[in-house]
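# Residue-level structural notes
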Amino acid sequence: MDGGMIATTDTLVRFTGVQKTYDGEHLVVKSLDLDIRKGEFLTLLGPSGSGKTTTLMMLAGFEVPTHGEIFIGDRPIKNVPPHKRDIGMVFQNYALFPHLTIEENVAFPLSVRGVSKAETKERVAAALDMIKLGNLASRRPGQLSGGQQQRVALARALVFNPALVLMDEPLGALDKRLREHMQLEIKHLHETMGLTVVYVTHDQGEALTMSDRIAVFNDGIVQQIDRPDALYERPVNSFVANFIGENNVLSGVVENIEHGWARVALDAGGSVVAQAVNVGGAGSRTSLSIRPERVAIETGDSGDATTNRLPATLTDLIYVGDHTLAILSTPSNPEFMVKLPAGSYAGLAPGQDVYIAFRPEDCRALDPV
Amino acid sequence: MTAAFVAGADVPLKRRLKRAERARQFRALGLVLPLLAFLLFTFVVPLAGMIWKSVDDWEVPQVMPQTVAALEQWNGQGLPDEAAYAALAADIRTAREAGTLAVAAKRLNYVVNGFRTTLLSTGRKLKEQPAPGTAKATMIEIAPAWGERESWAAIKSASGPVTSYYLLAAVDLTRNPDGDIVHAPADQSIYRDVFLRTFEIGFGVTALCLILGFPVAFMLANLPTGRSNLLMIFVLLPFWTSLLVRTCAWIVILQSEGIVNGSLQWLGIIEEPLRLIYNRFGVYMAMTHVLLPFMILPLYSVMRGISPAYMRAAASLGAPPVTAFLRIYLPQTIPGIGAGCLLVFILAIGYYITPALVGGAADQMISSFIAFYTTETVNWGLASALGAVLLLSTLVLALLYGKLALGRQTTGGLKN
């Protein structure tokens, strides 16, 4: 896992040994050590109740860690109230002040900081131009669409040039098309303004599209923190493998491990070779993770001994447009998915007996589920 | 084109829409009809009746119709002619026999003090209708008042069918014999003071309720539902006890030998019992207690709808708690403050039992005067006029509030 004890110069935020409990009985955040680098777009991804929002709220100052410390730069902020943290925040439901106009909303952080009227006017105008809503300055939030409101919330969180911007599922309330558009817009702002963004979402597609790094949360623990491609290609445990993207799981017992390669005897018969990523020694149980697009369907025996090969029955072919999804029944997994590139399923029909073939390097032996 | 479409095409679309809507409108009307009928008979009709009573002037025209007719030609200068005296004599004799003379006497006595005696003694002494041509002399001989223009002006002013007398009296004004509006004599000028006192107590109680109720509503709105429901029961508890019982409880608590004075004396803080009741303090205390829920409930319902995200957003944008409260939270509670204040104020200015029980003579509000004129002296005209003035001032306030609330709505103030 990332995040050493010594902060490097480009570390902006550091969580050290942070724990949080609400009821004094179970920990919502179990033990968090996390470094956030200056200028990066870090996403906290996880199912609801995984501790990601609590982590964000502790950083914003709305929740106090039960244990551990949070630093911004070198300054411990555990006892700094939210309004002195200089962190911009975008909320899920925008939280635009309904009794103020768009202009007054965006001017609010400047006016509480005692910025002069002329400068406020200038900076608010610039911020509204940035989100291309200058013409709606005198409207009230209730008169704007969801997407427009979210852009105003963004302008309001950025107008005072905070060191750090937090976003708590900011696009959750928008429809799909608008959400995708806003993802690009936020990403663009991040790049042009050199912002440091901590972004919370439960939408893995959003996380993969936008982030420099993703921290996957589950059960109060950061399961893995890595670049999006690494997270997808090289998950370190079964939770991450299953949570990010589509995944096929085969269960079995490790027979032996040699040079990082494990031979695994599947519970339903047959054996495969896999990368030993997160397994015990010989005799321990494991779950194998194979991405659907890394599997080929073979109708005959190709005789390639370096490839894992399992018998299967094709049960369904689903046309998805850019690819075709094949559902196969194998003894180990009755719903094994294979993504076939467009136009490559000629000659296949449901009910056919085939082989699924995948390379050992595309098969990762992880902790048992 | 289908046949159905063509069949309806000769009727314009707008009319077809109206026809379709009409059934729905009738159904809606049917549903509110019972309430409308109820309101009509229990609210609109009595209200209209009350307002009519405040201008209705029926006594003199009914009891003394001939005099009223005879005075129609009188220009108000000097004394009326012989015919008017004869008519007066005839009317008095008829009314005395019918036993209705006292009714007119009471009405005329409002205008001129002592008119009652004049009229009733004239009725007693006038044994027979004076011979033609001698009516004037006879009447003046019986009662010298008939030789004064003021008496006749009083009859003319009370000869209906409507009068501004009661409404003017309700705001300490009256008409002099020439018909000009002037201040009422000092000994009859009490209502302006009473109205002022009523509004003063109303404003005071409203302010106290707001000061006490706002923090309570805030706490209730921000507690977890379970605990806030429990505390809400305490807020609503007073509603489950009769007003009279609650007011009497205050007497027990605040009187000279009451719990408060007893405790303070026992603790040695005071030597003599404090005067806590039968004065303004007692009125404020008891009324604030009774009306507090009416402030808390609208405040609570508005505050419940204010998402805690606003305060968090304000904090994240750099506003210290006090600034965030004043600039973000407080403005959003204004609809609740407005509704609560309006409710409490309107209820407070109509209060009757509580000030009567825990207030002194100088703490009586306008309602007790209305009750006094309704039940004690049966001067329904003045009671109605006082009620009408109270109603009018309440309406003005309600309209003002409506305008403020509406003004906020049209400029936004919507929730996300």
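What counts and how
Residues numbered from 1 in each chain as written. Chains lettered and ligands numbered in written order. Predicted model: local features only at pLDDT ≥ 70, side-chain atom pairs only at ≥ 80, totals over all residues. Heavy atoms only, no water. Patch = residues over 30% accessible without salt bridge, like charges linked within 9 Å, V, L, I, M, F, W, Y side chains within 5 Å. Areas by Shrake-Rupley, 256 points an atom, 1.4 Å probe, with all protein chains shown as cover. Salt bridge = Lys/Arg side-chain N within 4 Å of Asp/Glu carboxyl O. Helix = DSSP H or I, 4+ residues; strand = E, 2+ residues; numbered from the N terminus. Buried < 20%, exposed > 50% of the residue type's maximum accessible area, 1.4 Å probe, protein only. Contact = heavy atoms within 4.5 Å. Buried area = accessible area lost by both parts, 1.4 Å probe. Polar contact = N/O pair within 3.5 Å; in protein donor to acceptor, adjacent residues only side chain to side chain. Expected span 1.5 Å × (residues − 1). Pairing = 2+ DSSP bridges. pLDDT = per-residue confidence, 0-100. Domains from an automatic or database assignment. Nonpolar A, V, L, I, M, F, W, Y, C, P; charged D, E, K, R; others polar. Phe/Tyr/Trp six-rings, centres within 6.5 Å; stacked < 30°, edge-to-face > 60°. Lys NZ or Arg CZ within 6 Å of the ring centre and 35° of its normal. Axes fitted to C-alpha atoms, helices over the stretch in contact; angles between N-to-C directions.

Residues and elements named next belong to chain B. On the surface, a nonpolar cluster with roughly 790 Å² of combined accessible area is contributed by Leu 35, Phe 38, Leu 39, Leu 40, Phe 41, Phe 43, Val 44 and Val 45. Looking at where Val 45 falls in the secondary structure, it is placed in helix H2 (residues 13-53). Taking relative accessible area as the criterion, Val 45 reaches 45% and is therefore assigned partly exposed.

This part is about the interface of chain B and chain A. Where interface size is quoted, it is often the accessible area lost as the parts come together. The interface of chain B with chain A comprises 22 residues on the first partner and 27 residues on the second. Summed over both partners, the interface of chain B with chain A comes to about 2,200 Å²; 65% of that surface belongs to carbon and sulfur atoms. Taken together, the connections running from chain B to chain A amount to one salt bridge. The closest approach of N and O atoms between Glu63(A) and Arg312(B), which form a salt bridge, is 3.9 Å. At the surface where chain B touches chain A, the tally comes to three residue pairs in polar contact (both at pLDDT 80 or more). Every element with two or more residues in the side of chain B that touches chain A is listed here: helix H16 (308-316) and helix H17 (321-349) of chain B.

Here the focus is helix H5 (residues 82-98) of chain B. Residue and element names in this part refer to chain B. Between its terminal C-alpha atoms H5 stretches 24 Å, which fits the 24 Å expected from 17 residues at 1.5 Å a residue. Where H5 is concerned, the buried positions are Ala 84, Tyr 85, Ala 87, Leu 88, Ala 89, Ala 90, Asp 91, Ile 92 and Ala 95. A positive backbone phi angle near 75° is found at Gly 99, which sits one or two residues after H5.

Moving on, we get to the pattern of salt bridges. Enumeration according to the criterion identifies 20 salt bridges over all chains in this entry. Bridged by salt links that share partners, the residues Lys20(A), Glu63(A) and Arg312(B) form one connected network.

Residues and elements named next belong to chain A. Inspection of the sheet shows strand S9 (residues 213-218) paired to strand S10 (residues 221-226) by five bridges, in the antiparallel sense. Bridge pairing in S10 links Val 216 to Gln 224. Remark: two residues form the turn of the hairpin made by S9 and S10, two consecutive strands paired antiparallel; Asp 219 in that turn has positive phi of roughly 55°.

What follows covers the confidence of the model for chain A. Summarising the model, chain A shows a mean pLDDT of 89, and 97% of its residues fall at 70 or more. Within the model, the stretch residues 1-8 of chain A combines pLDDT values under 50 with 11 contacts to residues more than four positions away or in other chains.

Let us look at the domain arrangement of chain A. Residue and element names in this part refer to chain A. Taken as a whole, chain A is organised into domain 1 (11-238) and domain 2 (246-366). On a C-alpha basis, the centres of domain 1 and domain 2 stand 39 Å from each other. Together domain 1 and domain 2 conceal approximately 720 Å² of surface at their shared face, both sides included; 37% is due to carbon and sulfur atoms. Broken down residue by residue, the surface that domain 1 buries against domain 2 is led by Tyr 232, Pro 235 and Ser 238, which jointly contribute 60%. Where domain 1 touches domain 2, the interface holds one salt bridge. Viewed at the interface, domain 2 and domain 1 are joined by six residue pairs in polar contact (both at pLDDT 80 or more). In terms of residue count, helix H7 (residues 228-233) provides more of the side of domain 1 that touches domain 2 than any other element does, three residues in total. Classifying every residue of the side of domain 1 that touches domain 2 gives four nonpolar, two polar and two charged.

This brings us to the packing of aromatic side chains. How two aromatic rings sit relative to each other is set out by the distance from centre to centre and by the angle between their planes. Applying the stated criterion across every chain yields a total of 22 aromatic pairs over all chains. With a centroid separation of 6.3 Å and 75° between ring planes, the pair formed by Tyr110(B) and Tyr166(B) is classed as edge-to-face. Placement of Tyr110(B) in helix H6 (residues 101-111) and of Tyr166(B) in helix H10 (residues 165-170) is noted, with a sequence separation of 56 residues between them. Taking relative accessible area as the criterion, Tyr110(B) reaches 21% and is therefore assigned partly exposed. Where Phe239(B) meets Phe294(B), the ring centres are 5.0 Å apart and the plane angle is 75°; that geometry is what we call edge-to-face. One end of the pair, Phe239(B), is in the loop between helix H12 (225-236) and helix H13 (243-254); the other, Phe294(B), is in helix H15 (residues 280-304), and 55 residues separate them in sequence. Ring pairs connect the aromatic residues Tyr85(B), Phe115(B), Trp146(B) and Trp152(B), which therefore count as one cluster. When the ring centre of Phe97(A) is taken as origin, the NZ or CZ atom of Arg156(A), which lies over that ring, is 4.5 Å away. Lying over the aromatic face of Tyr355(A), Arg309(A) brings its terminal NZ or CZ to 6.0 Å of the ring centre.

All names here are of chain A. Judged by how many residues are buried, strand S17 (residues 323-329) sits mostly within the fold: six of seven residues are covered. Here strand S16 (residues 308-319) runs beside S17; their pairing, made up of six bridges, is antiparallel. The residue of S17 that forms the bridge with Leu 317 is Ala 326. Where S16 hands over to S17, the hairpin turn is made up of three residues, of which Gly 321 adopts a positive phi near 105°. Hairpin connection of S17 to strand S18 (residues 336-341): six residues between the antiparallel strands.

Attention shifts here to the sheet that holds strand S3 (residues 41-45) of chain A. All names here are of chain A. The mixed open sheet is built from six strands, whose spatial order is S6-S7-S8-S3-S9-S10. With partners counted over all chains shown, the strands left at the sheet margins are strand S6 (87-90) and S10, one partner each. Within this sheet the neighbouring strands show an average axis-to-axis angle of 20°, counted without direction. For strand S7 (residues 164-168) and strand S8 (residues 197-201), the ladder comprises four bridges, and the chain directions are parallel. When the sheet's bridge partners are listed, Asp 168 is paired in S8 with Val 200. Packing of helix H1 (residues 52-60) onto the sheet brings it into contact with S3, S6, S7, S8 and S9, and relative to S7 it is tilted by some 145°.

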